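Observations on the three-dimensional arrangement
Each chain is listed here by its residues.
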Amino acid sequence: MIATSVENDPRERIIAAALRSLVTRAHTADEDVITLPIFHPSGAAASVIVSGGPQRFRVSDGGQAYREVEMVGGEHLFGRNASKCAEAFGVALVGKLIMGDATAETLAGYIADVAAASAQTSGRIVERVAARSEAALGEKLYRRLTSLFGEARVVADAEVEGASSHKWRISALVHVSGKDLVFEAVSNHHSSVYSSATMFHDLALLENRPKPIAVVESKQAMGAFIGMLSQAASVIESDAPDTMIKRLAA
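Residues numbered from 1 in each chain as written. Predicted model: local features only at pLDDT ≥ 70, side-chain atom pairs only at ≥ 80, totals over all residues. Heavy atoms only, no water.

Our focus in this paragraph is helix H8 (residues 242-249). Buried within H8 we find Ile245, Leu248 and Ala249. The buried residues of H8 occupy an angular sector of 100° when the element is viewed end-on, so they sit on one face. Structural note: H8 exposes Thr243 and Arg247 on the side pointing more than 90 degrees away from its buried face. Tucked into the core, H8 has its buried residues touching helix H4 (107-149), strand S8 (167-176), strand S9 (179-185), strand S10 (211-216) and strand S11 (234-237). (Buried < 20%, exposed > 50% of the residue type's maximum accessible area, 1.4 Å probe, protein only. Helix = DSSP H or I, 4+ residues; strand = E, 2+ residues; numbered from the N terminus. Arc of directions from axis to C-beta. Contact = heavy atoms within 4.5 Å.)

Let us look at the sheet that holds strand S2 (residues 31-39). Strand order in the open sheet made by the six strands is S1-S2-S3-S4-S6-S5, with antiparallel pairing throughout. Edge positions in the open sheet fall to strand S1 (24-27) and strand S5 (92-94), since each of these has one partner strand only. Neighbour-to-neighbour, the strand axes of this sheet turn through a mean angle of 30°, independent of strand direction. The sheet contact formed by strand S4 (residues 56-60) and strand S6 (residues 97-103) spans five bridges and is antiparallel. Residue pairing across strands places valine 59 opposite glycine 100, the latter belonging to S6. (Pairing = 2+ DSSP bridges. Axes fitted to C-alpha atoms, helices over the stretch in contact; angles between N-to-C directions.)

Here seven bridges tie strand S7 (residues 154-161) to S8, and the two strands are oriented antiparallel to one another. Across the sheet, valine 155 pairs through a bridge with leucine 173, a residue of S8.

Ranked by internal contacts, the top residues of the largest apolar core, which has 24 residues, are Val48, Val50, Val59, Phe78, Ile98, Leu107 and Ile111. Counting residues per element, this core draws most heavily on H4, at seven residues. Filtering out sequence-adjacent residues up to four positions away, isoleucine 111 remains in contact with Ile34, Leu36, Val48, Val50 and Val59. Formed by 19 residues, the second largest nonpolar core is a distinct cluster that contains Val186, Phe200, Val216 and Leu229. (Core = buried A, V, L, I, M, F, W, Y, C linked by side-chain atoms within 4.5 Å.)

Note on placement: glycine 223 falls in the loop between helix H6 (219-222) and helix H7 (225-230). By relative accessible area, which is 38% here, glycine 223 ends up partly exposed. Between the alpha carbons of glycine 223 and threonine 35 there is a distance of 24 Å; along the sequence they are 188 residues apart.

Three or more residues of helix H3 (residues 78-88) are buried, namely Phe78, Asn81, Ala82, Cys85 and Ala86. Down the axis of H3, the buried side of the element spans an arc of 130°, and every buried residue falls inside it. In H3, those exposed residues whose orientation departs by more than 90 degrees from the buried face are Arg80, Glu87 and Ala88. Where H3 is buried, its residues contact helix H2 (64-71), S5, S6 and H4. Following H3 by one or two positions, glycine 90 adopts a phi angle in the positive range, close to 75°.

Everything listed here is a matter of geometry and, on its own, says nothing about what the molecule does.
See below:
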């Protein structure tokens with residue numbers, strides 16, 4: 001029997017192609033941009049810039065983490081968090097760049113470490129900014145709901161149990177017209193969207209299910225996340241007209 005070579009094996013070619021797609025390289029005369037399957041909060045894959053060689057190489061994230069943080073107004077949190085993340089991965093923070101100097105033998109490790117430190121930095125800061133935004137949105141929402149329905153009908157930071165028996169903490173629970181309305185403040189961050197959508201789906205399985213309402217600052221700013229929320233709940237903006245909120249309670 002003649003063994004099939006790796007080159008002629010369709011399965012091997014498919015797997016090899018899949019592996020190549022996980023890491024890409026863009027080459028110029030002075031540097032290479034390597035993109036890895038590590039992701040920033042925006043969904044962008046982490047990229048590093050490799051320059052120098054063949055004895056010593058400089059590996060940098062090109063300021064990608066800083067740009068991610070800048071998009072959510074978290075620049076003031078960058079220095080401290082980036083320094084901690086860089087130190088944890090054995091690389092350094094130089095200005096707005098996360099970087100390291102590598103030899104030929106350590107180049108692969110530095111590429112991975114710089115990318116990981118960059119993604120961890122942006123993820124940590126964006127999540128922190130999102131949590132603050134969510135808290136502020138929740139406070140604003142509570143004031144709005146009490147003005148519409150009265151304090152006696154609104155419970156802030158309430159706990160509700162889903163069909164899974166998991167107890168969910170929600171922004172506000174409103175008791176009106178013999179029904180319960182679950183209002184959840186959702187920030188423009190994947191963890192907030194995913195956890196809120198999961199909660200809404202869990203509550204939807206209850207026999208006496210409450211009405212789910214996701215409250216966001218801006219539908220447009222939510223981008224593709226809005227579709228995920230809309231599958232599980234009614235989505236309104238924080239400055240929605242009083243008539244719209246009352247209509248949801250009708």
